[in-house]
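So the chains spell out like this:
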Amino acid sequence: MAARGVLNLVQASEAALIIAAQARDQAAFGELVKRRQGWARALLRRMCAGNAAEADDLAQDAFMKAWDRMGDLETPAAFAGWFRRIAVTTFLMAKRRQKAIFEEIDDASPIAAEDSTPEAAAGAKIDLERALSRLSDAERLCVTLNHGEGMSHSEIVETTGLPLGTVKSHVLRGTEKLRRLLEAA
Amino acid sequence: MSDFNAFLTRSFAEAEHPADDGFSLRVGAAVARRERAARARSALQTAGLGLGIAVVGYAGLNALFGAGQELISTGGLEATRVVGAFDEQAPLVAAQAQEAGIGFVQSLGLGLTQILVIAAALLGGAVAYRSAQD
């Protein structure tokens, strides 16, 4: 019985898993977590400037909130956007607790000075992660949502609750900082 | 700038997604713990609500019968007063009425206890209902 259940879960579509999780099926939700955890943790790692431990804690919080609110999800197709909003809200709440969300980092000096480290050999991916860590929390959040998640400015406004002008400014300034950091590297 | 934006979008898309079965297991265990806790809380709330309803019912029945007895005795007292008004032993009836008045104050005290019990039970029920909604 259990083996058949596991086999069904592995073969099930994401929509079927979501519907089962909405009916409080813990195994279906577990499979959903298994499939979505890479994306969720990568998103939060970027927001947390590469702090993997903090990102994983926030990702776990976000999945727990998702489990509690599965009934609020209207259609399975909306899961990605709905969960992204939960993840962003979880991140913002954590930063507000730390009172750090609008801490500005104006240092946009090139990261070439750190190129002698072994990570530099890994290429542009690590450079991007490192460059992101040089942005302020708000800039990193807006740039990640805009370029990484493909969200429009108005969608970012809706998700984060930040004013439109602030979002545009953070995306513009964050992108410009990244360009300067990466081109100089 | 648009070339750079395209490069940035591509870089994000190519970034690795960390896979960790341990993470899924931790979330699964946390969900199971939360569900167990929710079931225990629900059982506790149901028991509390049942107890509250029992207390309210018991107090309500007592209040109902108490009030009934009070009504009968008051009616009887008034009837005695009326009879006494036409009787030669009127002073005696007045004294009895006064004694009955002391009894009324005592029964009012008992009634107050019942009112307090009902109020406490209703308050408890409201708290249990509110926490069930949460």
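Residues numbered from 1 in each chain as written. Chains lettered and ligands numbered in written order. Predicted model: local features only at pLDDT ≥ 70, side-chain atom pairs only at ≥ 80, totals over all residues. Heavy atoms only, no water.

### A look at the overall build of chain A
Moving on, step 1. In terms of helices and strands, chain A carries nine helices and zero strands.
Moving on, step 2. In chain A, the succession of α and β elements from N to C terminus is α-α-α-α-α-α-α-α-α.
Moving on, step 3. Looking at chain A residue by residue over its 185 residues, the buried ones come to 46%.
Moving on, step 4. Within chain A, contacts between residues separated by at least 24 positions form 63% of all contacts whose residues are at least 6 apart in sequence.
Moving on, step 5. Accessible area for chain A stands at about 8,500 Å²; split by element, carbon and sulfur atoms hold 55% of it. (Helix = DSSP H or I, 4+ residues; strand = E, 2+ residues; numbered from the N terminus. Buried < 20%, exposed > 50% of the residue type's maximum accessible area, 1.4 Å probe, protein only. Contact = heavy atoms within 4.5 Å. Areas by Shrake-Rupley, 256 points an atom, 1.4 Å probe, with all protein chains shown as cover.)

### Concerning the nonpolar core
Moving on, step 1. One finds Phe-29 and Phe-83 of chain A to be the most contacted residues of the largest nonpolar core, which totals 46 residues.
Moving on, step 2. Formed jointly, this core draws a minimum of three residues from each of two domains, domain 1 (1–98) and domain 2 (110–185) of chain A.
Moving on, step 3. Those residues within four positions of Phe-83 of chain A in sequence are excluded, and the remaining contacts are Trp-39, Ala-40, Ala-62, Phe-63 and Ala-66 of chain A.
Moving on, step 4. The next biggest cluster of nonpolar side chains, apart from the first, holds 11 residues, and it includes Leu-128, Leu-132 and Leu-135 of chain A together with Leu-8 of chain B. (Core = buried A, V, L, I, M, F, W, Y, C linked by side-chain atoms within 4.5 Å. Domains from an automatic or database assignment.)

### Examining the packing of helix H5 (residues 79–98) of chain A against helix H7 (residues 137–148) of chain A
Residue and element names in this part refer to chain A.
Moving on, step 1. Orientation of H5 relative to H7, taken along the N-to-C sense of each, is 175°, at an axis distance of 12 Å. When the axes of H5 and H7 are compared, the pair comes out roughly antiparallel. Taken together, the residues of H7 that come into contact with H5 (itself represented by Arg-84, Val-88, Phe-91, Leu-92 and Lys-95) are Asp-137, Leu-141 and Leu-145.
Moving on, step 2. When grouped by side-chain class, the residues that make up the contact of H5 with H7 number five nonpolar, no polar and three charged. (Axes fitted to C-alpha atoms, helices over the stretch in contact; angles between N-to-C directions. Parallel < 35°, antiparallel > 145°, perpendicular 65-115°, else oblique. Nonpolar A, V, L, I, M, F, W, Y, C, P; charged D, E, K, R; others polar.)

### Let's talk about the pattern of salt bridges
Moving on, step 1. Applying the stated criterion across every chain yields a total of 14 salt bridges over all chains.
Moving on, step 2. Of the charged contacts in the structure, one is a salt bridge between Glu-35 of chain B and Arg-24 of chain A, with a shortest N-O distance of 3.2 Å. Taken together, the residues span two chains, with Glu-35 of chain B in helix H2 (residues 21–85) and Arg-24 of chain A in the loop between helix H2 (14–22) and helix H3 (26–47).
Moving on, step 3. Taken together, the shared-partner salt bridges connect Arg-41, Arg-45 and Asp-56 of chain A together with Asp-20 of chain B into one network. (Salt bridge = Lys/Arg side-chain N within 4 Å of Asp/Glu carboxyl O.)

### Focus on the interface of chain B and chain A
Moving on, step 1. With 25 residues of chain B in contact, the opposing surface of chain A contributes 32 residues.
Moving on, step 2. Interface of chain B and chain A: buried area, both sides summed, is about 2,700 Å²; carbon and sulfur atoms make up 69% of it.
Moving on, step 3. Taken together, the links from chain B to chain A amount to three salt bridges.
Moving on, step 4. Across the pair Arg-34 of chain B and Asp-68 of chain A runs a salt bridge, and its minimum N-O distance is 2.2 Å. (Buried area = accessible area lost by both parts, 1.4 Å probe.)

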